[in-house]
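Topology and contacts: notes
Residue strings, one per chain:
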Number of protein chains: 2
Amino acid sequence: MTKKNANFRNESRSITIADVARVAGVSVPTVSRILNDKEYVAEETRQRVHEAIRTLGYAPHTQARRLRGGVSMTLALHHPIESPHELSSVIEIPYVTGAAAAASEKEYFLNFLVSQLNPESILNMYRSNQIDGIILLQVCMDDWRVNLLRENNYPFVMIGRCANLEGLSFIDLDFENAMLQAFDYLIELGHQNIGFLTYPQSWRKIGIGPAIRSLEGYKHALNKYGLHGCYREIGLNSVEEGFEGTNDLLQENPELTAIITVSHLTAAGSIKALALHGRNVPQDCSVMVTGFGGNFANVVTPSLTTLEWSPYEISYQATILMTEKLANKELPAQQILIPPKLVVRESMKEVR
Amino acid sequence: MTKKNANFRNESRSITIADVARVAGVSVPTVSRILNDKEYVAEETRQRVHEAIRTLGYAPHTQARRLRGGVSMTLALHHPIESPHELSSVIEIPYVTGAAAAASEKEYFLNFLVSQLNPESILNMYRSNQIDGIILLQVCMDDWRVNLLRENNYPFVMIGRCANLEGLSFIDLDFENAMLQAFDYLIELGHQNIGFLTYPQSWRKIGIGPAIRSLEGYKHALNKYGLHGCYREIGLNSVEEGFEGTNDLLQENPELTAIITVSHLTAAGSIKALALHGRNVPQDCSVMVTGFGGNFANVVTPSLTTLEWSPYEISYQATILMTEKLANKELPAQQILIPPKLVVRESMKEVR
DNA sequence: GCAGTTTCTGATAACGTTATCAGAAATCGT
DNA sequence: ACGATTTCTGATAACGTTATCAGAAACTGC
């Protein structure tokens, strides 16, 4: 017990800047200067210190640096949904990886926030220097998070949009553009009767952006081309709702030659329903999907032509934006709308 | 400029324990004691301090706590794949949310690690006290991460298994069990000719557990029931490979009445191929899927009967395990195999 | 009423780093 | 050759917290 390994429990004690200084025969601040690439260090000293660092296997103590520096070099990616299980259906992994990649590129860490976070706990994360900024996923029109963070003057970037955007930075999907693009393409193929299966009414009512703006976009597009349309607001996560929604649409307007949906699952339901009405896709009716989930598009037969966004890119850009804001507080608010990309597969055809 | 707000840039300076102490009229250590629920504090003092905390909006400075305490209260979830884009096809979001939920429950933070991490940078994360432990996703037989962490005596938990498991903790999918379960069910339905579309050969060769053990499990199960089988090792991410694989299987054994696949996409390809051979699923041939991705199962027609694991649960359990290990270094290694759950849908039927 | 215990509190010193200052050594200009 | 500048280095003090110690106050038991 009197042995040298009395500090056995201390096995994880890390090598400090002081150890390096001792080995290199310099002072502690000098090592620090070298670690931080400050000017005014003799080349010879620099080399000696670097060698000591290498032989000792020294790594700077992150917590200490952060305490001293006043920043945590950590960002949070926050999703509002309470139940983590539900999350899986809405948020895709590229949202996480995109943010993680951007963060690591800028030498930040990324915490993924899940679970029931109340306002107080979010404020606390910032106050307690756990995080320097937040990237908000799935921002809706009247988002309590936005109000909270704005009031408290906390740095954040939104993926999605809220109501009063003045002075706020966001990245969002350009739904109006998407609908116009969809119509441009459909019109080009000769379609005049275009149905729409969109997000649930409940989503629109609680102010979820995609639900609001895609319907607006649909109406704009109808206007632009002087067409009448018909739409249904249905759930996204079941083939059944697509099936029933399509039945409804066909009852209202049997002349439909094209249906736009906002989820691959409902599109699958659409195809089923159309088949039951004796209509093959794409020969007798075209089906187009706007949204995410390129993976699904190829599972359905026929494979689905889509207007898609890359969640990876969006999340990546939002995170870069956050780091830039943190690096330069004076940076004016950036408001970025991302247009979707048309990916032609099998589910659309010219009107005969 | 001589104004009080010379410390303007200091606007984010947080309220410290010292402020609380001053307001409450006590000493700094006393506040600390109260914050950490230590014994020996007068009830009256406790209340006074708590009130000061509330009125000031104080939150403990995480970095300082961690510096003092020597732990970071942060875990990392690490995935080995280099390109973040590829990640999306293999790792699902519940892996992240499950770990995040467990971490937050145990008052840890969770960093999601992505991008090209070399050995050195992983060691550094630990050495530099950024993280207290790592949860490794997708561990394969000869995983460099495992060797590295084991050699350096770093705390980690695996999702998946490597070669030499002595003294290591892991959570893995029980593939042998899965194959036996699959066969039990298939035999019950009267099937005797059971084909298998499994993971790519390349995966097996580089030692990816599912690829190795599901094939082993298949062979065991054949043995158990005294059957002959036929299998193909194909890619997972395309309907086409499922299509071609199934054609191959049917050529080798036209008597097949059931096919097991390990991905929903290849199952979809299977169904296509069977249809082309005039065989309807499930009337003329059953299709079963083992693996993740319950979402996909309902997109395909007919919907797919599956043996599925919950990535959320697995990740959750692995993370809890990690925290327990950190809380108690003496805890013996835990090695946990999770059996899959049979979810009956439409794609399987009794043999006529 | 006094030693012995328990309950409470505050000074002090760390944790590992970096900013600030000031002093020493080297280089420069005249 | 001498002051002025530039280059380099080290003491010192912070960042916000907690562990340790010791002392004060309040209780015990006789």
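Our subject is the structure listed above.
Residues numbered from 1 in each chain as written. Chains lettered and ligands numbered in written order. Predicted model: local features only at pLDDT ≥ 70, side-chain atom pairs only at ≥ 80, totals over all residues. Heavy atoms only, no water.

1. Details of the packing of aromatic side chains
Here is the rule: Any pair of Phe, Tyr and Trp rings, taking the six-membered ring for Trp, is counted once the centres come within 6.5 Å. Such a pair is stacked with planes under 30 degrees apart, edge-to-face with planes over 60 apart, and tilted for the rest. Secondary structure is summarised from DSSP: a helix means a run of H or I of at least four residues, a strand means a run of E of at least two, and numbering begins at the N terminus for each. Under the scheme applied here, a residue whose accessible area is under 20% of the maximum for its type counts as buried, over 50% as exposed, and between as partly exposed, the area being computed with a 1.4 Å probe on protein chains only.
In this structure the tally under the stated criterion is 14 aromatic pairs over all chains. With a centroid separation of 6.3 Å and an interplanar angle of 15°, the aromatic rings of Tyr312 of chain A and Tyr316 of chain A are classed as stacked. In this pair, Tyr312 of chain A and Tyr316 of chain A both sit in helix α15 (residues 311-327), four residues apart, roughly one turn of the helix. When its relative accessible area of 9% is taken as the criterion, Tyr312 of chain A is described as buried. Relative to Trp309 of chain B, the ring of Phe175 of chain B lies with its centre 5.2 Å away and its plane at 55°, an arrangement referred to as tilted. With Phe175 of chain B in helix α9 (residues 175-188) and Trp309 of chain B in the loop between β10 (305-308) and α15 (311-327), this residue pair connects regions lying 134 residues apart in the sequence. For Phe175 of chain B, a relative accessible area of 3% corresponds to the buried category. Overall, Trp309 of chain B belongs to the buried group, its relative accessible area being 6%. By the ring-pair criterion, three or more aromatic residues cluster together here, those being Phe183, Phe196, Tyr218 and Tyr231 of chain A.

2. So, unusual backbone geometry
Omega for the peptide link from Val281 of chain A to Pro282 of chain A comes to 10°, which places this bond in the cis form. For Asn129 of chain A, which is not a glycine, the phi torsion comes out positive at approximately 60°. Topologically, Asn129 of chain A is positioned in the loop between α7 (119-127) and β3 (133-139). The backbone phi angle of Asp37 of chain B is positive, close to 55°, even though this residue is not glycine. Accessibility expressed as a relative area gives 61% for Asp37 of chain B, which makes it exposed.

3. Brief notes about the protein's contact with DNA strand C
The criterion, for reference: Nearness is defined per residue: one heavy atom within 4 Å of the molecule or strand is enough. Residues adjacent in sequence count toward polar contacts only when both atoms are side-chain atoms; beyond that, a polar contact is any pair of N or O atoms within 3.5 Å, and within protein one must be able to donate a hydrogen and the other to accept it.
Around DNA strand C sit 24 residues, and of these Ile17, Ser32 and Tyr58 of chain A together with Ser27 and Thr45 of chain B come closest. Each atom of DNA strand C within 4 Å of the protein was assigned to sugar, phosphate or base; sugar and phosphate come to 67%. His61 of chain A places a polar main-chain atom, nitrogen or oxygen, 3.0 Å from a phosphate oxygen of DNA strand C. Take Ala42 of chain B: an N or O atom from its main chain is 3.1 Å from a phosphate oxygen of DNA strand C.

4. Some thoughts on the environment of Gly207 of chain A
All names here are of chain A. Here is the rule: By definition, residues are in contact when any of their heavy atoms lie within 4.5 Å.
Along the chain, Gly207 turns up in the loop between α10 (201-205) and α11 (209-224). Considering only alpha carbons, one finds Gly207 and Ala163, 44 residues apart in sequence, at a separation of 8.9 Å. Residue contacts for Gly207: discarding those within four places in its chain leaves Cys140, Met141 and Ile212.

5. Description of the pairing of strand β2 (residues 109-113) of chain B
Residue and element names in this part refer to chain B. To keep things clear, this is the line we draw: Only strands that DSSP links by at least two bridges are regarded as paired with each other.
β2 sits mainly inside the fold: five of its five residues count as buried. Strand direction decides the pairing type here: strand β1 (residues 74-78) and β2, joined by five bridges, are parallel. Directly across from Ala76, in β2, lies its bridge partner Asn111.

6. A closer look at the relation of the copies chain B and chain A
As a reminder, the rule being used: The superposition of copies rests on a least-squares fit of C-alpha positions from residues with pLDDT of 70 or more in both.
Between chain B and chain A, the superposition needs a rotation of 180° and an axial shift of 0.0 Å, giving an RMSD of 0.1 Å. Overall, the copies show the geometry of a two-fold rotation axis. In this assembly, 100% of the residues forming the interface of chain B have copies in chain A that are likewise at the interface, indicating an isologous arrangement.

7. What about the interface of chain B and chain A?
How we decide: We define buried area as the total accessible area lost by two parts upon association, computed with a 1.4 Å probe and summed across both. Think of a salt bridge as a Lys or Arg side-chain nitrogen and an Asp or Glu carboxyl oxygen that are within 4 Å of each other. Classification used: nonpolar for Ala, Val, Leu, Ile, Met, Phe, Trp, Tyr, Cys and Pro, charged for Asp, Glu, Lys and Arg, polar for all others including Gly.
Counting residues at the interface gives 50 residues for chain B and 50 residues for chain A. Across the chain B/chain A interface, buried area totals approximately 4,300 Å², and carbon plus sulfur atoms make up 65% of it. Contact with chain A buries area across many residues of chain B, yet Gln63, Ile93 and Val299 of chain B alone supply 15% of it, more than any other trio. Taken together, the links from chain B to chain A amount to zero salt bridges. For the pair chain B and chain A, the interface holds ten residue pairs in polar contact (both at pLDDT 80 or more). Sorting the residues of the side of chain B that touches chain A by element identifies α4 (62-69), α5 (84-90), α6 (93-105), β2, α7 (119-127), α13 (264-276), α14 (294-297) and α15 of chain B as the ones contributing at least two each. Residue contributions to the side of chain B that touches chain A peak at seven residues, all from α6 of chain B. The residue makeup of the side of chain B that touches chain A, split by class, is 24 nonpolar, 20 polar and six charged.

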